[in-house]
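For reference, the chains in residue letters:
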Amino acid sequence: MFFHIVLERNMQLHPRYFGRNLRDNLVSKLMKDVEGTCSGRHGFVVAITGIENIGKGLIRDGTGFVTFPVKYQCVVFRPFKGEILEAVVTMVNKMGFFAEAGPVQIFVSNHLIPDDMEFQSGDMPNYTTSDGSVKIQKDSEVRLKIIGTRVDATEIFCIGTIKDDFLGVINDPATA
Amino acid sequence: MSGEEEEMLLSSNGDEFLKAKCLMNCEVALILEHKYEQLQQMSDDPMNQVSQVFEKSLQYVKRFSRYKNPDAVRQVREILSRYQLAEFELCVLGNLCPETVEEAIAMVPSIKTKGRAHDDEAIEKMLNDLSLIKKFE
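Residues numbered from 1 in each chain as written. Chains lettered and ligands numbered in written order. Predicted model: local features only at pLDDT ≥ 70, side-chain atom pairs only at ≥ 80, totals over all residues. Heavy atoms only, no water.

So, on to unusual backbone geometry. Its identity is not glycine, yet aspartate 139 of chain A carries a phi of approximately 80 degrees, on the positive side. As for its position among the elements, aspartate 139 of chain A is in the loop between β11 (135–136) and β12 (141–151). One non-glycine residue, glutamine 84 of chain B, lies in positive phi territory at about 50 degrees. Along the chain, glutamine 84 of chain B falls in the loop between α5 (70–81) and α6 (87–96). (Helix = DSSP H or I, 4+ residues; strand = E, 2+ residues; numbered from the N terminus.)

So this is what it looks like as structure tokens:
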């Protein structure tokens, strides 16, 4: 799920960046430092959309660097347990399949794939129903439910299921 | 929203998510495309300047947006806002566009919890309104 939130960060700036372009320098540094990062608390910071406030700078004792508290708005992506979302399958093997939703990777174990789907190995490994009507392979679009999330230093990883009602391969009505 | 979601949003995540606005994929697509255009104007090679997270998110929201037209996107939010939904519920419905009341309840079970004013008829009307926007987009 994408959220639009306000975050605050203390930015340290070297005096070489002071002067007319101080604010611009501060904002570029903020974007370089923060965009693309991930934390367990906020999820992935996708893009900064605006600066709400830049507080007064405080000179650090002993170094001459100045710290500015910056409040900014940004779009973040944070998956939640129980959330249902759509994702693209990136890899299929006999343990299950991996899918991606934006910056997040989700693994769906074969235990959480409906029993009537079987793994077929080959050039394009896939899971298919016995009558061949539904197939999950690389680049398929699936709707899945997140049942767990794990955060490590730089990313969030999820596990999901397609075993409930209304989950599984998305049938595009345009092609039906 | 479900108990787990509420717990996550309110307890471990502090104040930010209490005031957080949820965004549907189509809304995020508009924001990210706009930002990408701004970057294109400022430099010749915008792809170098954006993080992989931005690229993947942009590709994802473009692929999974049900509504492309900015006016349609605005209308979707407006229509769903009339139904006393939590932000989270509104966005899941706007993203997944369930076709039947049964599907809607499966996607967002919290709309049927006790004490809430959403009977099947209201949900059906909401889904019909949504599909009308899609037809005339």
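So, next bit.
Each partner contributes residues to the interface: chain A has 41 residues there, and chain B has 38 residues. Of all residues in chain A, Phe2, Glu86 and Phe166 of chain A give up the largest surface area on contact with chain B, accounting jointly for 19% of the area buried on that side. Where chain A packs against chain B, one counts 6 salt bridges. Residue arginine 66 of chain B pairs with glutamate 86 of chain A through a salt bridge whose shortest N-O separation is 2.7 Å. Taken together, the links from chain A to chain B amount to 11 residue pairs in polar contact (both at pLDDT 80 or more). Looking at the side of chain A that touches chain B residue by residue, the class counts come to 23 nonpolar, 7 polar and 11 charged. Where strand β1 (residues 2–13) of chain A lies against strand β1 (residues 21–23) of chain B, 3 bridges are found, and the strand directions are antiparallel. Along β1 of chain B, the bridge assignment pairs phenylalanine 3 of chain A with cysteine 22 of chain B. (Contact = heavy atoms within 4.5 Å. Buried area = accessible area lost by both parts, 1.4 Å probe. Salt bridge = Lys/Arg side-chain N within 4 Å of Asp/Glu carboxyl O. Polar contact = N/O pair within 3.5 Å; in protein donor to acceptor, adjacent residues only side chain to side chain. Nonpolar A, V, L, I, M, F, W, Y, C, P; charged D, E, K, R; others polar. Pairing = 2+ DSSP bridges.)

Right, let's get into the UniProt feature "domain: S1 motif" (unreviewed entry) in chain A. Those places that UniProt annotates as "domain: S1 motif" (unreviewed entry) correspond, in this numbering, to residues 79–156 of chain A. When the span residues 79–156 of chain A is considered, its composition is 0% helix and 56% strand, and the gap between its end C-alpha atoms is 8 Å. (UniProt positions renumbered as here; feature names shortened; annotations may be inferred.)

This part covers the pattern of salt bridges. The tally for this structure, following the rule as stated, stands at 17 salt bridges over all chains. Where glutamate 35 of chain A meets lysine 35 of chain B, a salt bridge forms, and the shortest distance between an N and an O atom there is 2.7 Å. Pair noted here: glutamate 35 of chain A is in the loop between α1 (22–34) and β2 (38–39) and lysine 35 of chain B is in helix α2 (residues 25–42), and the two residues belong to different chains. Accessibility assignment for this pair places glutamate 35 of chain A and lysine 35 of chain B in one class, buried. Across the salt bridge formed by glutamate 78 of chain B and arginine 82 of chain B, the nearest N and O atoms sit 3.7 Å from each other. Glutamate 78 of chain B sits in the partly exposed class, given a relative accessible area of 48%. A relative accessible area of 56% places arginine 82 of chain B in the exposed class. (Buried < 20%, exposed > 50% of the residue type's maximum accessible area, 1.4 Å probe, protein only.)

Attention shifts here to α5 of chain B. Residues and elements named next belong to chain B. In a regular helix each residue adds 1.5 Å, so 12 residues correspond to 16 Å; α5 covers 17 Å between its end C-alpha atoms and thus fits that length. When we look at burial in α5, the residues that qualify are Ala72, Val73, Val76, Arg77, Ile79 and Leu80. Viewed end-on, α5 has its buried residues packed into an arc of 165 degrees, placing them on one side of the element. Buried residues belonging to α5 abut β1, α2, α6 and α8 (120–135). At the N-terminal end of α5, a side-chain oxygen is found 2.8 Å from the backbone nitrogen of aspartate 71, two or three residues along, and the residue is asparagine 69. (Expected span 1.5 Å × (residues − 1). Arc of directions from axis to C-beta.)

All names here are of chain B. Two elements in contact, α2 and α5, have axes separated by 10 Å at closest approach and are oriented at 140 degrees. Between α2 and α5, the angle is such that the two are oblique. With respect to the hand of their crossing, α2 and α5 are arranged in left-handed fashion. Of the residues in α5, those touching α2 at Cys26, Glu27 and Leu30 are Pro70, Val73 and Arg77. For the contact of α2 with α5, a count of residues per class yields 4 nonpolar, no polar and 2 charged. (Axes fitted to C-alpha atoms, helices over the stretch in contact; angles between N-to-C directions. Parallel < 35°, antiparallel > 145°, perpendicular 65-115°, else oblique. Left-handed = near helix turned anticlockwise from the far one by under 90°.)

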